[in-house]
Amino acid sequence: MSLQSQMLQVLGDRQTSRISFSFSGSTGLNIEVKPSSFLRVGEAIRGERITVSEGGVPPGTAQYDSEWNVFRVARGQEWSRAYNALLVHEAVHAAFDLARSRLPWLDNETAAYIAQGYYLRNSGFPRSRLDELGQPYLGLLLVDSIIRDGSPDSELMQELQGTLLSSPQYHHYIRREFIGDG
Ligand SMILES: [Zn+2]
């Protein structure tokens with residue numbers, strides 16, 4: 001199967017199509033991720049406005065590059081529920097880019113981790129295998145709170161955003177604004 005069709009399969013699968021949530025972002029803006037967000041990314045891949053390429057990222061990782069409109073997946077990567085969830089994370093960044101959204105990177109990453117957690121939850125990924133300190137795990141716990149209370153738990157939200165703000169991985173852009181350019 002080509003990378004492109006593998007990506008389309010993840011974007012269209014049952015786990016992804018049941019991802020839907022919103023939260024109030026750090027500037028008060030309503031941040032929304034809906035099934036249609038992923039369908040639009042799929043359409044853009046079919047229309048070759050977004051491409052999928054192999055390599056250029058470390059093993060086990062993936063990236064959406066909003067400048068070149070390309071998903072980069074790790075070379076020789078074995079696709080699994082955990083990796084699919086990561087691709088869904090990257091697809092959230094792609095969806096904001098396509099929609100020409102302007103939002104703080106902090107909110108963009110928060111939405112991506114909640115979506116990643118949502119995919120893990122929908123696919124029945126064993127919680128015991130998630131690093132309890134990791135951001136995807138916090139994303140999954142936020143999904144639990146959204147399903148339970150209708151909105152994300154504010155303490156968990158602060159915890160997730162605290163890890164993003166303090167991590168060297170995000171240091172160079174997390175306090176900036178994301179500007180989607182389609
Ligand atoms: Zn991200």
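Computed from a prediction, not measured in an experiment: that's the story for all the values here.

*Asks:* Describe the overall build of the protein, and please don't skip the residues or the numbers.
*Replies:* Scanning the protein for helices and strands turns up seven helices and seven strands. Reading the protein from its N terminus to its C terminus gives the helix and strand order α-α-β-β-α-β-β-β-α-β-α-α-α-β. The C-alpha atoms of the protein give a radius of gyration of 15 Å, which matches the 16 Å a tight globule of 182 residues would have. If one aligns the C-alpha atoms of the protein with their principal axes, the spans along those axes are about 40 × 35 × 30 Å.

*Asks:* Can you tell me about the packing of helix α1 (residues 3–12) against helix α3 (residues 35–46), naming the residues and giving the values?
*Replies:* Remark: α1 packs on α3, axes separated minimally by 9 Å, with the N-to-C direction vectors making an angle of 165°. One way to sum up the angle between α1 and α3 is to call them roughly antiparallel. Considering how the two elements wind past one another, α1 and α3 form a crossing that is left-handed. Taking contact as the criterion, the partners of Gln-4, Met-7, Leu-8, Leu-11 and Gly-12 in α1 are, on α3, Phe-38, Val-41, Gly-42 and Ile-45. Looking at the contact of α1 with α3 residue by residue, the class counts come to six nonpolar, three polar and no charged.

*Asks:* Describe the pairing of strand β5 (residues 70–73), naming the residues involved and giving the relevant values.
*Replies:* On β5, burial follows the alternation: Phe-71 and Val-73 on one face are buried, whereas Val-70 and Arg-72 on the facing-out side are not. Joining the antiparallel neighbours strand β4 (residues 62–65) and β5 is a turn of four residues, in which Asn-69 adopts a positive phi near 50°.

*Asks:* Now, about helix α6 (residues 135–149): what can you tell me, with residues and values included?
*Replies:* Spanning 15 residues, α6 covers 21 Å between terminal C-alpha atoms, matching the ideal 21 Å at 1.5 Å per step. Listed as buried for α6 are Gln-135, Pro-136, Leu-138, Gly-139, Leu-140, Leu-141, Leu-142 and Val-143. Positive phi shows up at Gly-150, right after α6, with a value of about 90°.

*Asks:* Which residues make up the sheet that holds β4, and what values do they have?
*Replies:* Overall, mixed pairing links the three strands, which are arranged β3-β5-β4 in an open sheet. Each end of this open sheet is capped by a strand with a single partner; those strands are β3 (51–54) and β4. Taken over all neighbouring pairs, the strand axes of this sheet differ in orientation by 20° on average, direction set aside. Strand direction decides the pairing type here: β4 and β5, joined by four bridges, are antiparallel. The residue of β5 that forms the bridge with Asp-65 is Val-70.

*Asks:* I'd like to hear about the packing of helix α5 (residues 105–122) against α6, residue by residue, with values.
*Replies:* Across the interface, α5 lies against α6 with an axial gap of 7 Å and an inter-helix angle of 75°. The angle between α5 and α6 falls in the class roughly perpendicular. Residues Tyr-113, Ile-114, Gln-116, Gly-117, Tyr-118, Leu-120 and Arg-121 of α5 lie in contact with α6, whose contacting residues are Gln-135, Pro-136, Leu-138, Gly-139, Leu-140, Leu-142 and Val-143. Its residues placed into classes, the contact of α5 with α6 shows nine nonpolar, four polar and one charged.

*Asks:* Mind laying out the environment of Leu-39, listing which residues take part and the relevant values?
*Replies:* Here Leu-39 is to be found in helix α3. Residues Leu-39 and Leu-8 lie 31 residues apart in sequence; the distance between their C-alpha atoms is 9.1 Å.

*Asks:* How would you sum up the nonpolar core? Please name residues and give values.
*Replies:* Counting 43 residues, the largest nonpolar core has Val-41, Ala-91, Val-92, Ala-95, Ile-114 and Ala-115 as its most contacted members. A per-element tally of this core places helix α4 (residues 81–98) first, with 10 residues.

*Asks:* Provide a residue-level description of the environment of Asp-97, including the pertinent values.
*Replies:* If you trace the backbone, Asp-97 turns up in helix α4. Exposure remark for Asp-97: the 23 C-beta atoms within 10 Å place this residue in the buried category. Among all residues touching Asp-97, those that are not within four sequence positions of it are Ser-66, Gly-180, Asp-181 and Gly-182.

*Asks:* Lay out the environment of Arg-102 in plain terms, naming residues and giving numbers.
*Replies:* Examined against the element boundaries, Arg-102 turns out to sit in strand β6 (residues 102–104). A sequence separation of 45 residues divides Arg-102 from Val-57, and the C-alpha atoms of the two residues are 26 Å apart. Contacts of Arg-102, omitting those with residues within four sequence positions, involve Glu-177, Phe-178, Ile-179 and Gly-180.

The rules behind each value
Residues numbered from 1 in each chain as written. Predicted model: local features only at pLDDT ≥ 70, side-chain atom pairs only at ≥ 80, totals over all residues. Helix = DSSP H or I, 4+ residues; strand = E, 2+ residues; numbered from the N terminus. Rg over C-alpha atoms; globule rule 2.2 N^0.38 Å. Axes fitted to C-alpha atoms, helices over the stretch in contact; angles between N-to-C directions. Parallel < 35°, antiparallel > 145°, perpendicular 65-115°, else oblique. Left-handed = near helix turned anticlockwise from the far one by under 90°. Contact = placed C-beta atoms within 7 Å. Nonpolar A, V, L, I, M, F, W, Y, C, P; charged D, E, K, R; others polar. Buried ≥ 20, exposed ≤ 12 C-beta atoms within 10 Å, placed from the backbone. Pairing = 2+ DSSP bridges. Expected span 1.5 Å × (residues − 1). Core = buried A, V, L, I, M, F, W, Y, C linked by C-beta atoms within 7 Å.

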